[in-house]
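Read off the chains here:
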Amino acid sequence: VHALLTQVFRTVGLPQAILCDNGSPWGTAGRGGLTGFEGWLLRLGIEPWHGRPYHPQTQGKVERFHGTIAREVFAQSLFTTLAEAQAGFDGFRASYNHERPHEALGYATPASRYTSSPRPFPEVLPPVVYDAGAIVRTVTQHGSIAWGGQRHFISRGLIGEPVELRPTEDPAVWTVLYVQRPITVIDLRSPGEV
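So, here's what we can say about the structure.

Summed over all chains, the structure comprises nine aromatic pairs. Measuring from ring centre to ring centre gives 6.0 Å for F9 and W40, while their planes differ by 25°; the resulting arrangement is stacked. Here F9, found in helix α1 (residues 2-12), pairs with W40, found in helix α2 (residues 36-43); they are 31 residues apart in sequence, far enough to count as distant. Consider the rings of F74 and F89, whose centres lie 5.5 Å apart with planes at 85°: the pair is edge-to-face. Remark: F89 occurs in helix α4 (residues 82-99) and F74 occurs in helix α3 (residues 60-74); sequence separation between them is 15 residues. The class for F74 is partly exposed, based on a relative accessible area of 45%. Accessibility expressed as a relative area gives 27% for F89, which makes it partly exposed. One aromatic cluster in this structure is built from F9, F37, W40 and F121.

See the structure below:
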């Protein structure tokens, strides 16, 4: 996914956000913090948005699109090679984007409304930088940091990455951020975990 999205981003630029499901590599379905993939998106300035777990309606348009592909590509032909399947998809994509009108677009074609992002893909990943004076810890190989005399689990996807700790109104509660995005909260009254 990383390699394919890199190709796409090089071609069309960076989006502001990507709507993701909660399975790998898009997200962690449970106690895992951010995935490495989500960390990569955040460093690129792309906000990963997630649907509610076990609520596929959030991705309803994508699921509807899958149904359209099934009817218009797979139901029309029996592909025996990947090259044949690719040719079928290429024909569908050309028709879908350049020829057929879409009601949601005022009967225009998607290609007539599309523009590339003005944000180019950086060939060197931007460093994670926090403000001077920020409290920063590096996530260990176990996905945790030391704070308040305890170890606190942060994320296995951020191993080796710096995170910032910010105080809240409650002196025992700290917000943990990665690239300015809150990712978890540490309550020093609760026992730490690894």
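Let's pick the thread back up.
This part covers the nonpolar core. One finds I145, I154, V163, L165 and Y178 to be the most contacted residues of the largest nonpolar core, which totals 15 residues. Elements supplying a minimum of two residues to this core: β4 (144-147), β6 (162-167) and β7 (173-178). The leading source of residues in this core is β7, at three residues. For I154, the residues in contact, after removing those within four places along its chain, are G33, V139, G143, S144, I145, V163, V176, I183, T184 and I186.

Attention now goes to the sheet that holds strand β8 (residues 181-187). Across the sheet, four strands lie side by side as β3-β6-β7-β8; this open sheet has antiparallel pairing. If you trace the sheet from one side to the other, it starts and ends with β3 (135-138) and β8, each paired once. The sheet shows a mean angle of 35° between the axes of neighbouring strands, direction not considered. Of the strand pairs in this sheet, β7 and β8 are connected by six bridges, and their pairing is antiparallel. For W174, the partnering residue across the bridge sits in β8 and is I186.

Here is what the cut-offs are and how they apply
- Residue numbers restart at each chain and count upward from 1, following the sequence in its written direction.
- Local features in this predicted model are restricted to residues of pLDDT 70 or higher, and side-chain atom pairs are both shown and tallied only at a pLDDT of 80 or more, whereas totals for entire chains, interfaces and linings draw on every residue.
- The basis for the side-chain values is all heavy atoms of the structure; hydrogens and waters are excluded.
- Between the rings of Phe, Tyr and Trp (Trp by its six-membered ring), a pair exists once the centres lie within 6.5 Å; its type follows the angle of the planes, with under 30 degrees stacked, over 60 edge-to-face, and the other angles tilted.
- A helix here means a DSSP run of H or I that spans at least four residues, while a strand means a run of E at least two residues long, and both kinds are numbered starting from the N terminus.
- When a residue's accessible area, from a 1.4 Å probe over protein chains only, is under 20% of the maximum for its type it is buried; when over 50% it is exposed; and in between it is partly exposed.
- For the purposes of this section, nonpolar cores are sets of buried Ala, Val, Leu, Ile, Met, Phe, Trp, Tyr and Cys residues that join through side-chain atoms within 4.5 Å.
- Note on definitions: a residue-residue contact is assigned when non-hydrogen atoms from the two residues lie within 4.5 Å.
- At least two DSSP bridges between two strands are needed for those strands to be called paired.
- Where helices are involved, their axes are fitted lines through C-alpha atoms of the stretch in contact, as for all axes, and angles between N-to-C directions lie from 0 to 180°.

Read these as layout, nothing more, since geometry by itself doesn't imply function.
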